[in-house]
Amino acid sequence: MSVFILVSGPFTDGRIWSEVVGRLREAGAQAHPVSLTTQPEADPETHVEDVVRLIDSLDPTEEVVLVGHDYAIHPVLGAADRRPERVARVVHLDAGMPQDGDTALALVPDPSVHELLRADGDPGPVPPPEPARWQRWGSTEGLSARHLELLSRLAAPQSARTLTRPLRLTGAAGAVPTTGILCTAGGTTVELVEALVRTGPPHLRKLADPRVGFFELATGHWPMLSCPDELAGVLLRAAADEGRRLTVPEEESSYGRPFLLDAPERPRVRNGRVDLHLPETGTGTEAETGEGEGADEGEGAGERGGGARGPWPAVLFVHGGPVPADLVPAPRDSPFYLGYARYTASLGAVGAVVEHRLHGITDYARAADDVAEAVELLRADPRVDAGRIALWVFSGAGLLAADWLAAPPPWLRCLALTYPILAPLPGWGVDPRFGPVGALRTAAGALPPVVLTRAGLETPQIAATVREFVTAATETKAPVEIIDVPHGRHGFESDEPTDESREAVVRAVRTVLAQLERLW
């Protein structure tokens, strides 16, 4: 029978597992909860050693199942790296996928912790949350007031070093089977993970390995308290190599596939975080030449500022995220965003792409600053008409649209949103500033036209945020034009492109460019 080692997230210790331990032992399994070292000087290596010592104390003929919840996946992976021959499986219980060199802080959702650890000097241990503040560390769905009080009563301060020091891995445990247990009240489902693997960065392809299984629990971030019976049952099934496998194409991730439209290469100018793809000299947008939708009869090229060498209107494409800092190719060098920018340039407007630093859910403020900086660089370029700018935001960067909806500047002629996330997903802990729905309802000033492209096969969690946005737009009479792609999934441009998806992209680009050419 299986031998489980159970390690819980920040502030908690082995006592949090008591009910799960009982269920596992009743089923005939061994279960060993771990209480990690709580001294202020503890770091990830300290906690790795805590787990390794327990492994070494067990019968050497028995293979163990290491279960890491939240932060604890760091010491669990470190222990598996040092004792791979003893580990039958690693279970990520509502936990991330840290790699060698990663810090736990990158996945901490509570912004106050980031502020504390950025303070000058030694910030000291991170104090545990009060009962009402556990929700800042994850969804509390399924927890009663008694559970929350128990969490706080049993909690101990978390050493700052455990969050800020990097995890060190050699890769020795790379072949160990893994299981992900997703607590869906936090917004992550197997369907969402599958979509990310299908359309996201190549490093996520490892999740489609047949040695990786998934389970879902319809609860919040602390299933050992909210549903111990169900969690124990899932752990036993995971140890038996059950679990859903992802079904994605065997070929490489669609992230690197060619753009779905013919988009000839155009001259590219790199200025800091923004790349400009320039139109051919002597051309204007189709709206200017009277050939595109929305052209005003009798107006010719150059009459509204588009001369032979500019200034041209511009579209700034804001890539989705979060994405790894070392992603190759970087978004602005990927066929996807190169395609959008070049296609825009082929129609007579500058297609620009910003390289922002949305690497984790705590990075929205930094990414917003990067986008604002890119806008100023773009508008200051003499080839760009500073009064005719559109912003085009994709996927997880949708939250960045809030700033531009809250106080839209007069030069922002259009805001495009493609399969966006328009409200923080449960458990994200994002600054309330990044709430496009609220910004729409309280906007100071006239809103620019919004072009919203929806994927008909969007994941339910993201689709719910879009419905909320559309409802708010209807109630506030915001100028939102919707382009639906009924059979499209998240990332439909590169995920098995179809005539439907091509037509949607063409329509979206032409609609945005037509707004850039309107007289106000």
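Just so it is clear, the model here is predicted, and its values are computed rather than measured.

## Notes on the environment of Gly438
With respect to the helices and strands, Gly438 occurs in helix 14 (residues 436–441). Judged by its relative accessible area of 36%, Gly438 is partly exposed. Taking the C-alpha atoms as reference points, Gly438 and Ala423, 15 residues apart in sequence, are found 8.9 Å from one another.

## Observations regarding the nonpolar core
One recurring pattern in soluble globular proteins: nonpolar side chains tend to sit buried together. Within the largest apolar cluster, 63 residues are counted, with the highest numbers of intra-cluster contacts made by Ile5, Trp17, Leu66 and Leu235. With residues up to four places along the chain from it excluded, the contact list for Ile5 reads His32, Val34, Val51, Leu54, Ile55, Leu58, Val64, Val65, Leu66 and Val67. Listed in part, the 53 residues of the second largest apolar core include Val274, Ile389, Leu400 and Ala402.

## Notes on the packing of helix 2 (residues 44–57) against helix 3 (residues 73–82)
The geometry of helix 2 relative to helix 3 is characterised by a closest axis approach of 8 Å and an angle of 55° between their N-to-C directions. When the axis of helix 2 is compared with that of helix 3, the two are oblique. Here helix 2 runs over helix 3; the crossing is right-handed. Along the contact surface, helix 2 presents Glu45, His47, Val48, Val51, Val52 and Ile55, while helix 3 presents His74, Pro75, Gly78, Ala79 and Arg82.

## Observations regarding helix 12 (residues 364–380)
Owing to its 3.6 residues per turn, the α-helix aligns residues three or four sequence positions apart on the same side. Spanning 17 residues, helix 12 covers 24 Å between terminal C-alpha atoms, matching the ideal 24 Å at 1.5 Å per step. Those residues of helix 12 that fall on the buried side of the exposure criterion are Tyr364, Ala367, Ala368, Asp370, Val371, Ala374, Val375 and Leu378. An end-on view of helix 12 places all buried positions within 160° of arc, on one side of the element. Turned more than 90 degrees off the buried face of helix 12, the exposed positions are Asp369 and Ala380. Against strand 8 (274–277), strand 9 (312–318), strand 10 (350–354), strand 11 (384–394) and helix 13 (401–406) lie the buried residues of helix 12.

## A short note on the pattern of salt bridges
Side chains that differ in sign of charge can pair as their charged atoms come close. Applying the stated criterion across every chain yields a total of 30 salt bridges. Between Asp241 and Arg89 there is a salt bridge, with its nearest N and O atoms 2.6 Å apart. Highlighted residues: Asp241 in the loop between helix 9 (228–239) and strand 7 (268–271) and Arg89 in strand 4 (residues 87–93), separated in sequence by 152 residues. With relative accessibility at 5%, the residue Arg89 sits in the buried group. Where Glu475 meets Arg441, a salt bridge forms, and the shortest distance between an N and an O atom there is 2.6 Å. Highlighted residues: Glu475 in helix 15 (residues 460–476) and Arg441 in helix 14, separated in sequence by 34 residues. The class of Arg441 is partly exposed, set by a relative accessible area of 43%. Put simply, Arg268, Arg270, Asp275, Arg332, Asp333 and Glu355 are held in one network by salt bridges that share partners.

## Remarks on the packing of aromatic side chains
Two measures describe an aromatic ring pair: the distance that separates the ring centres and the angle between the ring planes. On inspection of all chains with the given rule, the structure shows 18 aromatic pairs. Judged by centre distance (5.6 Å) and plane angle (80°), the ring pair of Phe336 and Phe394 falls under edge-to-face. Placement of the pair is Phe336 in helix 11 (residues 335–346) and Phe394 in strand 11, with a sequence separation of 58 residues. According to the relative accessible area criterion, Phe336 is buried, its value standing at 10%. Among the aromatic residues, ring-to-ring pairing joins Phe259, Phe317, Phe336, Tyr337, Tyr340, Trp392, Phe394, Tyr419 and Phe492 into one connected group.

Reading the values: the criteria
- Residues numbered from 1 in each chain as written.
- Predicted model: local features only at pLDDT ≥ 70, side-chain atom pairs only at ≥ 80, totals over all residues.
- Heavy atoms only, no water.
- Helix = DSSP H or I, 4+ residues; strand = E, 2+ residues; numbered from the N terminus.
- Buried < 20%, exposed > 50% of the residue type's maximum accessible area, 1.4 Å probe, protein only.
- Core = buried A, V, L, I, M, F, W, Y, C linked by side-chain atoms within 4.5 Å.
- Contact = heavy atoms within 4.5 Å.
- Axes fitted to C-alpha atoms, helices over the stretch in contact; angles between N-to-C directions.
- Parallel < 35°, antiparallel > 145°, perpendicular 65-115°, else oblique.
- Left-handed = near helix turned anticlockwise from the far one by under 90°.
- Expected span 1.5 Å × (residues − 1).
- Arc of directions from axis to C-beta.
- Salt bridge = Lys/Arg side-chain N within 4 Å of Asp/Glu carboxyl O.
- Phe/Tyr/Trp six-rings, centres within 6.5 Å; stacked < 30°, edge-to-face > 60°.

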